[in-house]
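What the coordinates show
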Amino acid sequence: MTFSPRFTASAWMTAPLLALGWMIAPASAETPPPPAIAPASPVGGPSLTLYQSGQALVTEHRTITLPPGPRPLMLVTFDGVATEMMPSSAQVLLPDQDDKAQVLQLRTQPPVDEQQMLRAMIGQTVTLLTQAADGTTQRRPMTVVRVDPSVMLQDDHGVLFDIPGTIEFPAIPSSLSPTPRLSALISGLPKGEQTVPATLRYITGGLSWQADHVVSLDTDQEHLTLTTWATVTNTSGTVWSDAHLALVAGTVNNAVPRPEMMVQAAPMMASRGKANDAFVPPQAQASNGYYLYALPQAVSLEDGETRQVALGTPQHRPAELVYRVYASLSPHGPRGGEHDDAAAMILRFNTAKDGQPLPSGTMRVYSTAKTETKENLLLGAGSVQATPAGQTVSLPLGEAFDITATQSQTDFRKVADQVTESAYRVVLHNGQDKDVTIQVLASPSGDWKIIEESRDHEKTSSTDVRWLVPVKAGQDVTLTYRIRTSF
């Protein structure tokens, strides 16, 4: 048994409002008539404020077409809302009518299917289409008796339970919609045939963006070019046509926008350029502790589409590759042998004080230094946190193949109860064809003090110490130090 709705041009009387699920008292001389249905048609494209958490604030401007005559209650239908709309977040905002207009109820409905169509047709006539032996289609008008627990159709010839063909419906009733629908029961709307503006606002899932930072690093010149892209993804099950996008950088609790942000985004949307204006990458604008990027032109997003948009302008900044070795300590007992470690490579640079902040996201670093093979290299990639303008970015890239450290413990002794001394040797090797400075970092435990060292250290925090060791190209340098530790 298959039900596939086929629609003809025949007229359709409005289905009973009880099919909508609204609780309405029976009509009498003392009760008002049931509410009329008024569609709310979109005016222009929607405004989408996207968050990095995978949700978006949708704002749509619509026009309610009111029928003639007075109506104490009006059922306003907003068709085409997002499939993943969060019903509890929906708001219908009406113009100031001396506080007369009031939204009493909100209801969401999924797109129409066969079962919904049949329920709306109970007591009415549909057409059963069957195929005869000669291949012709036979049409049999039948009345829908019930839908649950099984479909029952009836005509003058009898009753059918096992439906042998396809059911043809005259049209989609006004109580249903081929797209997801939000219905609002509203009182106090103006009387008479006219149009009323309304704003629909809600949060939906399936719309998100992430920042992708692309760095071109010239290690010879110690310089980089940073370009930031917004990667916008639409998996909401909805097609967004001529949408105005604003991207929010920052962490919002529970991905629910603050009311102030809803207000702040509106004027930014109004300042968009015309379709034939030259595209200017959106610049970050501070708003209530977050940053907003408003795209200057409307875009259309298909369901399942991913699109990249440049944010801001490329930043050209001085940069350095830091080579770091982490000291291996053994303050509780002697340890024999040697072990080799490759130095970690870390990219460090400062964002411009008068430049753009960096939204949290993925940073990929490519080398533009000339090599014998003239091939570009991916030096590494990682996540960066949201970074204000004028702050330092440190991104681990990987391990340097030709910069190594051979570490060993050369002495251990217990000088008192709960007090030990350990001595260490670190042989740093630079296999590159240029001089480098290698950082050796140590994090001693307990109450510690460096009592001997071949090179002065600096204390970077209450628990960390660092030696900066210059090593010429192709050479080795040995660092030694002794630590006294109390437990």
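What counts, and where the lines are drawn
- Residues numbered from 1 in each chain as written.
- Predicted model: local features only at pLDDT ≥ 70, side-chain atom pairs only at ≥ 80, totals over all residues.
- Heavy atoms only, no water.
- Helix = DSSP H or I, 4+ residues; strand = E, 2+ residues; numbered from the N terminus.
- Contact = heavy atoms within 4.5 Å.
- Areas by Shrake-Rupley, 256 points an atom, 1.4 Å probe, with all protein chains shown as cover.
- Salt bridge = Lys/Arg side-chain N within 4 Å of Asp/Glu carboxyl O.
- Buried < 20%, exposed > 50% of the residue type's maximum accessible area, 1.4 Å probe, protein only.
- Pairing = 2+ DSSP bridges.
- pLDDT = per-residue confidence, 0-100.
- 1 Å grid on protein atoms, 1.4 Å probe; cavity = no way out; pocket = protein on both sides within 12 Å on 5 of 7 lines; lining within 4 Å.
- Points joined across faces, edges and corners; volume = space filled by probe spheres on them.
- Phe/Tyr/Trp six-rings, centres within 6.5 Å; stacked < 30°, edge-to-face > 60°.
- Nonpolar A, V, L, I, M, F, W, Y, C, P; charged D, E, K, R; others polar.

Remarks on the overall build of the protein
Check the secondary structure of the protein and you find two helices and 31 strands. Across the protein, the fraction of contacts at a sequence separation of at least 24, relative to all contacts at a separation of at least 6, is 74%. Carbon and sulfur atoms form 50% of the exposed surface of the protein, whose accessible area is close to 25,200 Å².

A word on the pattern of salt bridges
Applying the stated criterion across every chain, the model contains 15 salt bridges. Linking Glu 168 and Arg 139 is a salt bridge whose minimum nitrogen-to-oxygen distance equals 2.5 Å. With Glu 168 in strand 11 (residues 166–168) and Arg 139 in strand 8 (residues 137–146), the pair connects residues that are 29 residues apart, well separated along the chain. Owing to a relative accessible area of 6%, Glu 168 belongs among the buried residues under this scheme. Beyond isolated ion pairs, a larger network of salt bridges with shared partners links Asp 411, Arg 413, Glu 421, Glu 452, Arg 482 and Arg 484.

Thoughts on the pairing of strand 7 (residues 125–131)
Along a regular strand, successive side chains alternate from one face of the sheet to the other. Where strand 7 lies against strand 8, seven bridges are found, and the strand directions are antiparallel. Counterpart to Val 126 in the pairing with strand 8 is Met 142. Pairing geometry for strand 7 and strand 11, over three bridges, is antiparallel. When the sheet's bridge partners are listed, Leu 129 is paired in strand 11 with Thr 166.

Quick word on the confidence of the model for the protein
On average, the protein scores 84 in pLDDT, and the residues at 70 or more come to 83%. Confidence, expressed as mean pLDDT per element, reaches its minimum in the protein at helix 2 (residues 259–270) with 38 and its maximum at strand 30 (residues 465–471) with 97. Segment residues 1–21 is flagged for pLDDT under 50; beyond a separation of four residues in sequence, or across chains, it makes 57 contacts in the model. Confidence over residues 23–29 falls short of pLDDT 50; this stretch has three contacts with residues more than four positions distant or in other chains.

A few points about empty space enclosed by the protein
Under the defined criterion, the tally for this structure stands at two cavities of 30 Å³ or more. Size it by volume and the largest cavity reaches roughly 80 Å³. Lining the largest cavity we find Leu 226, Thr 227, Thr 228, Tyr 293, Leu 311, Gly 312, Thr 313, Gln 315, Gln 356, Pro 357, Leu 358 and Pro 359. Contributing elements (two or more residues each) for the lining of the largest cavity: strand 15 (223–234) and strand 20 (306–318). Looking at the lining of the largest cavity element by element, the count peaks at four residues for strand 20.

Comments concerning the side chain of Gln 315
Checked against the element boundaries, Gln 315 lands in strand 20. Look at Gln 315 and you get buried, because its relative accessible area is 9%. Ignoring anything within four residues of it in the chain, the contact list for Gln 315 reads Leu 224, Thr 225, Leu 226, Thr 351, Ala 352, Gln 356 and Leu 358.

Points about the packing of aromatic side chains
Enumeration over the complete set of coordinates arrives at three aromatic pairs. Between Trp 209 and Tyr 293, the aromatic rings sit 6.3 Å apart at their centres with planes inclined by 65°, giving edge-to-face as the arrangement. One end of the pair, Trp 209, is in strand 14 (residues 207–218); the other, Tyr 293, is in strand 18 (residues 290–294), with 84 residues separating them in the sequence. Judged by relative accessible area, which is 1%, Trp 209 ranks as buried.

A closer look at the environment of Ala 342
One can find Ala 342 in strand 22 (residues 338–350). With 60 residues separating them along the chain, Ala 342 and Asp 402 place their C-alpha atoms 7.6 Å apart. Apart from residues no more than four positions distant in its own chain, Ala 342 is found in contact with Glu 399, Ala 400, Ile 403 and Thr 404.

Concerning the environment of Pro 357
Structurally, the position occupied by Pro 357 is in the loop between strand 22 and strand 23 (361–367). Sequence separation between Pro 357 and Ala 249 is 108 residues; the distance between their C-alpha atoms is 9.5 Å.

Brief notes about the sheet that holds strand 26 (residues 419–430)
Working definition: the strands of a sheet are paired by backbone hydrogen bonds and lie parallel or antiparallel to each other. Spatial ordering of the open sheet is given by 28-31-26-25-22-21-27-30-29, a layout of nine strands whose pairing is mixed. Whereas interior strands pair on both sides, the edge strands pair on one side only; in this sheet they are strand 28 (447–453) and strand 29 (458–459). The sheet contact formed by strand 29 and strand 30 spans two bridges and is antiparallel. Each residue of the ladder has a partner; that of Glu 458, found in strand 30, is Arg 466.

A few points about the layout of surface pockets
In this approach the atoms are scanned with a rolling probe the size of a water molecule, which exposes any empty space left behind. Of the voids in this model, the second largest pocket is the one considered here, and its volume is about 300 Å³. Those elements that provide at least two residues to the lining of the second largest pocket are strand 14, strand 21 (320–326) and strand 27 (436–442). Ranked by residues supplied to the lining of the second largest pocket, first place goes to strand 21 with four residues. Looking at the lining of the second largest pocket residue by residue, the class counts come to seven nonpolar, four polar and five charged.

Examining unusual backbone geometry
The omega torsion of the bond from Asp 148 to Pro 149 falls at 0°, within 30 degrees of zero and hence cis. Its place among the elements puts Pro 149 in the loop between strand 8 and strand 9 (152–155). Although it is not a glycine, Asp 242 adopts a positive phi angle of roughly 50°. Looking at the element boundaries, Asp 242 is found in strand 16 (residues 240–249). Not every positive phi belongs to a glycine, and Gln 418 is a case in point at roughly 65°. With a relative accessible area of 42%, Gln 418 lands in the partly exposed category.

Structural notes on the environment of Lys 449
Mapped onto the fold, Lys 449 is located in strand 28. Exposure remark for Lys 449: the relative accessible area of 56% places this residue in the exposed category. Discounting chain neighbours no more than four positions away, the residues touching Lys 449 are Arg 482, Ile 483 and Arg 484.

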